[in-house]
Amino acid sequence: MERVKQFLELNKEEAESASRLTIHPHRVGSGSSFYEDFSLRGIRVDRVEPGFVSCTFKIPPRLTDKNGNFATGAVANLVDEVGGAVVHVEGLPMNVSVDMSISFLGTAKINDELEITSKVLGQRGGYSGTIVLVRNKATGELIAEGRHSLFGRRPSKL
């Protein structure tokens, strides 16, 4: 437990930097939150079709681990956000993630450009399944494959 505490402690410079952050309260539906802005700033939506979304994202330093690799938590966030976007219906609340399974197959570094694609695997009632592929755009290497299950209200057929 002590090692964990030591790992999580901020040094003086980090503590001063964190104390200067200004984080305003977020109201639902009023735009992006601090979290969304921090994790998704820079993502570019390239193509949207029914059941398909394709995006590109250049890895910023803020989303890397101590070794300079794209952090696994940031990859999981992309799977969650892009997997949810492919089934989102404008005018309805965002769907809720029920389950995510991610296979981490490679690594990416700062400034690598990624291609993120999401496809709907199927829908039954309010339940949707998606697959999200994260690739290095330059090399084609598959960085991660995620399967994402969501639940949400469907539009009325009336």
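Attention in this report is confined to the structure presented alongside it.

The rules we used
- Residues numbered from 1 in each chain as written.
- Predicted model: local features only at pLDDT ≥ 70, side-chain atom pairs only at ≥ 80, totals over all residues.
- Heavy atoms only, no water.
- Helix = DSSP H or I, 4+ residues; strand = E, 2+ residues; numbered from the N terminus.
- Buried < 20%, exposed > 50% of the residue type's maximum accessible area, 1.4 Å probe, protein only.
- Contact = heavy atoms within 4.5 Å.
- Areas by Shrake-Rupley, 256 points an atom, 1.4 Å probe, with all protein chains shown as cover.
- Core = buried A, V, L, I, M, F, W, Y, C linked by side-chain atoms within 4.5 Å.
- Phe/Tyr/Trp six-rings, centres within 6.5 Å; stacked < 30°, edge-to-face > 60°.
- Pairing = 2+ DSSP bridges.
- Axes fitted to C-alpha atoms, helices over the stretch in contact; angles between N-to-C directions.

Here we come to the overall build of the protein chain. Secondary structure summary: the protein chain contains four helices and six strands in total. Each helix and strand of the protein chain, placed in order from N terminus to C terminus, yields the pattern α-α-α-β-β-α-β-β-β-β. Evaluated residue by residue, the protein chain yields a buried proportion of 30% over its 158 residues. Once local pairs closer than 6 in sequence are excluded, the contacts in the protein chain between residues at least 24 apart make up 60%. Just so you have it, the protein chain exposes about 10700 Å², and 53% of that area is on carbon and sulfur atoms.

Our focus in this paragraph is the nonpolar core. Grouped together as the largest cluster of nonpolar side chains are 22 residues, with contacts concentrated most on Phe-57, Phe-70, Leu-78, Ala-108, Leu-114, Ile-116 and Val-134. For this core, the secondary-structure elements that each account for two or more residues are strand E2 (52-58), helix H4 (72-85), strand E4 (113-124), strand E5 (127-136) and strand E6 (142-151). Looking at this core, the element that brings in the most residues is H4, giving five residues. Sequence-distant contacts of Ala-108, that is, excluding residues within four places in its chain, are made with Ile-59, Gly-68, Asn-69, Phe-70, Leu-114 and Ile-143.

Time to look at the packing of aromatic side chains. A complete count under the given rule lists one aromatic pair for this structure. Each ring, one from Phe-57 and one from Phe-70, has its centre 6.4 Å from the other, and the planes form 45 degrees; the classification is tilted. With a gap of 13 residues between them, Phe-57 in strand E2 and Phe-70 in the loop between E2 and H4 connect regions that are remote in the sequence. Assigned by exposure class, Phe-57 and Phe-70 land together as buried.

Looking now at the sheet that holds E6. With antiparallel pairing, six strands are arranged side by side in an open sheet as E1-E2-E4-E5-E6-E3. The strands lining the two open edges of the sheet, one partner per strand, are strand E1 (44-49) and strand E3 (96-104). Ignoring strand direction, the axes of neighbouring strands in this sheet form an average angle of 15 degrees. Alignment of E5 against E6, held across nine bridges, turns out to be antiparallel. By the bridge assignment for E6, Val-132 is matched with Gly-146.

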